[in-house]
Amino acid sequence: MASVIRDPNFTADVDVDCLIIGGGAAGLTAALAADEQGLSVLIAEREERLSGSTALSSGLIPAAGTAAQKRQDITDSHADFIADIMGKNKHSADLNHVERCVNGVTDAIDWLEERHDIPFHVLDGFLYPGHRHHRMHAVPEVTGAALVQRLEDAALKTDIFISCHLKVTALVLDDQGRVQGAKAERPDGTIEAIGAKSIILACNGYGGNPALVAEHIPEMKEALYFGHPGNQGEAVLWGQSLGAELKHLSGYQGHGSVAHPHGILVTWALMMEGGIQVNTDGQRFSNEHHGYSEQAVSVLAQPNQTAFNIFDERLCELGREFEDFRLAETSKAIFRAETIEELADKIGVESVVLAQTLADCDAFAASGEADAFGRRFDPNKTLKPPYAAVKVTGALFHTQGGLVIDDKARVCKPDGSIINGLYACGGAACGVSGPDVSGYLSGNGLLSALSLGYIAGRAAAFEQ
Ligand SMILES: Cc1cc2nc3c(=O)[nH]c(=O)nc-3n(C[C@H](O)[C@H](O)[C@H](O)COP(=O)(O)OP(=O)(O)OC[C@H]3O[C@@H](n4cnc5c(N)ncnc54)[C@H](O)[C@@H]3O)c2cc1C
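Residues numbered from 1 in each chain as written. Predicted model: local features only at pLDDT ≥ 70, side-chain atom pairs only at ≥ 80, totals over all residues. Heavy atoms only, no water.

1. Quick notes on the packing of aromatic side chains
Going through the model one piece at a time under the given rule, you end up with seven aromatic pairs. Considering the side-chain rings of tyrosine 292 and tyrosine 440, the 6.5 Å spacing of their centres and the 50° angle between planes classify their relative orientation as tilted. Here tyrosine 292 is found in helix α10 (residues 292–300), whereas its partner tyrosine 440 is found in the loop between β21 (418–424) and α15 (444–459), with 148 residues between them in sequence. Each member of the pair tyrosine 292 and tyrosine 440 is classed as buried. Here the aromatic rings of phenylalanine 311 and phenylalanine 325 are separated by 6.1 Å at their centres, their planes lie at 65°, and the arrangement is edge-to-face. Residue phenylalanine 311 is found in strand β16 (residues 306–312), and its partner phenylalanine 325 is found in helix α12 (residues 323–330); the two are separated by 14 residues along the sequence. The exposure class assigned to phenylalanine 311 is buried, which follows from its relative accessible area of 0%. An aromatic cluster of at least three residues, connected via ring pairs, comprises Phe126, Tyr128 and Phe322. (Phe/Tyr/Trp six-rings, centres within 6.5 Å; stacked < 30°, edge-to-face > 60°. Helix = DSSP H or I, 4+ residues; strand = E, 2+ residues; numbered from the N terminus. Buried < 20%, exposed > 50% of the residue type's maximum accessible area, 1.4 Å probe, protein only.)

Rendered as structure tokens:
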């Protein structure tokens, strides 16, 4: 149970300048930034190893104007990136906060490359929905697990202390309301008291807490949660106890393409490059180019709460650039067929209907007209035999609402005052997606993790 203790006589077993709660991308980035400022840093991670949703993710971080983009001759700007984010969230997110994240993520990526030898490149084979330029940055392995590993390797070269199997259960404040430290629990029940001049909440959101999901995102209370189970919502619970401002708790990232029942993410690049989604009746039900996040809700609204991604061999080759897709292939989640009739037979869909659906898409591609859902089909990217399909469902990936912070990532109260010594970053802070699922632009998750982690870690030095 997450609690807040007010104890002017708090005595600690160990003292650090900066305690970071959570060892995902946000926590590790914050730790590296705080260490660089000369602070003694402890990362407390509840699980037995560093992972978080970051390690489960595709590890794609959107950023504009980075050295990596320049190396690849990609023209982009903060203004374009901000416009894309605000367009997707229909101007419901706080513009100052969006600017903070967009500026911060460029600084963070360039700094991780220069100072910590973490190389990034930009995926330039296709555009993610809603992004007008190629700006998805990845480490060479193009996985979230490798991103965590590289951040952890960088941290291990510093004086940062990482303690796993250490779940923070309580924040401790003095009688002036200033952060003093925290209490944390080991798996055997032992309690440790940690003194800290500053605490950075990097413990993500509440996707792993069914009660909080039911309260704030009722439409996803029955849905598969595909994020890290350690994300239990302590940042929200502590924030509520402290009278902090919380915003957009109904916002979240969904995904409409998780292989079912295999539970493997199937890249949305397939949809952006010509693939379609049909329901078990063989009919399309949405514009797949609006975004994979809101597609979770559309897929869950179909019979059996599932759909089929329909694509072809050209798109299989694209998919194989992603580890998850390769895993889906080896797990036999992908059906293959020489003809559309054979494919329909394999996936149990009426072949006449599926054939008509593909013929309609080809006709829209030839005419250049938008279909009933508003999608335009590229005549160079129509589906051709041999065909492929995968059964998918919609899932909750992570929550986007959270603590409101200021320019230094300090946790704010509704009157604009701050809670002294307390910072939030990544999924613990309110994101840039606004109050609902359709506001999530691809990459908004790691955008907040890296940018706000970097800002929080640097700012924590001012508390000392
Ligand atoms: C399948 C999948 C794919 C995704 N792909 C992308 C992508 O390509 N690009 C993108 O931008 N976003 C993506 N996301 C979202 C992205 O993963 C998250 O937004 C991001 O990882 C959040 O980082 P974080 O550091 O805030 O949280 P996490 O990485 O979840 O780290 C939080 C850590 O805090 C720990 N913790 C929690 N509570 C406590 C406590 N009380 N004490 C100690 N430790 C605690 C947790 O165990 C966890 O390890 C994806 C998400 C999923 C699920």
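2. Remarks on the site of the ligand
Close to the ligand lie 40 residues, the nearest being Glu45, Ser53, Thr54, Leu60 and Leu446. One of the side-chain nitrogen or oxygen atoms of glutamate 45 is found 2.6 Å away from an oxygen atom of the ligand. The separation between a nitrogen atom of the ligand and a polar main-chain atom of valine 168 is 3.0 Å. Calculation on the ligand without its partners gives an accessible area of 1000 Å², and the protein chains cover 99% of this total. Of all the secondary structure elements, the ones that give two or more residues to the shell around the ligand are α1 (25–36), α2 (52–56), β8 (167–173), β18 (387–399) and α15. Examining the composition of the shell around the ligand, we find that four residues originate from one element, α2, more than from any other. Across the shell around the ligand, the residue classes break down as 15 nonpolar, 20 polar and five charged. (Near = heavy atom within 4 Å. Polar contact = N/O pair within 3.5 Å; in protein donor to acceptor, adjacent residues only side chain to side chain. Areas by Shrake-Rupley, 256 points an atom, 1.4 Å probe, with all protein chains shown as cover. Nonpolar A, V, L, I, M, F, W, Y, C, P; charged D, E, K, R; others polar.)

3. Considering the pattern of salt bridges
If you walk through the whole model with that rule in mind, you get 24 salt bridges. For glutamate 234, the salt bridge is made with arginine 46, and the minimal N-O distance between the two is 3.1 Å. One end of the pair, glutamate 234, is in helix α8 (residues 234–242); the other, arginine 46, is in the loop between β3 (41–44) and α2, and 188 residues separate them in sequence. Assessed through its relative accessible area of 22%, arginine 46 is described here as partly exposed. We note a salt bridge from glutamate 313 to arginine 336, for which the minimum N-O separation is 3.7 Å. One end of the pair, glutamate 313, is in helix α11 (residues 313–319); the other, arginine 336, is in strand β17 (residues 334–337), and 23 residues separate them in sequence. By relative accessible area, arginine 336 is classed as partly exposed at 32%. Salt bridges sharing common partners tie together Asp76, Asp80, Asp84, Arg132 and Arg135. (Salt bridge = Lys/Arg side-chain N within 4 Å of Asp/Glu carboxyl O.)

4. A look at the packing of α1 against helix α6 (residues 144–156)
Orientation of α1 relative to α6, taken along the N-to-C sense of each, is 25°, at an axis distance of 10 Å. Judged on the interaxial angle alone, α6 and α1 are roughly parallel. Like other packed secondary-structure pairs, α1 and α6 cross with a definite hand, here left-handed. On α6, the residues touching Ala25, Leu28, Thr29 and Leu32 of α1 are Val148, Leu151, Glu152, Ala154 and Ala155. Taken together, the residues that form the contact of α1 with α6 break down as seven nonpolar, one polar and one charged. (Axes fitted to C-alpha atoms, helices over the stretch in contact; angles between N-to-C directions. Parallel < 35°, antiparallel > 145°, perpendicular 65-115°, else oblique. Left-handed = near helix turned anticlockwise from the far one by under 90°. Contact = heavy atoms within 4.5 Å.)

5. Examining the pairing of strand β13 (residues 252–259)
Consecutive residues of a regular strand have side chains that alternate between opposite faces of the sheet. For β13, the tally of buried residues reaches eight of eight residues, placing the bulk of the element in the interior. Relative to β18, β13 is paired through six bridges, and the arrangement is antiparallel. Considered in β18, the bridge of valine 258 is made with threonine 393. When β13 meets strand β14 (residues 264–265), the two strands line up antiparallel, connected through two bridges. Pairing of alanine 259 across the sheet is with isoleucine 264, part of β14. Between the antiparallel neighbours β13 and β14 lie four residues, among them glycine 263 with a positive phi of about 70°. (Pairing = 2+ DSSP bridges.)

6. Thoughts on the domain arrangement of the protein
Split into domains, the protein comes out as domain 1 (3–61 + 138–244 + 401–463) and domain 2 (254–396). If you average the C-alpha positions of domain 1 and of domain 2, the two centres end up 36 Å apart. For the pair domain 1 and domain 2, the two sides together bury roughly 1400 Å², of which 71% comes from carbon and sulfur. Of all residues in domain 1, Met220, Phe226 and Val437 bury the most surface against domain 2, accounting for 37% of the area lost on that side. Seen at the junction of domain 1 and domain 2, the total is zero salt bridges. Linking domain 1 with domain 2 are three residue pairs in polar contact (both at pLDDT 80 or more), by the criterion used here. Looking at the side of domain 1 that touches domain 2 residue by residue, the classes come out as 10 nonpolar, seven polar and one charged. (Domains from an automatic or database assignment. Buried area = accessible area lost by both parts, 1.4 Å probe.)

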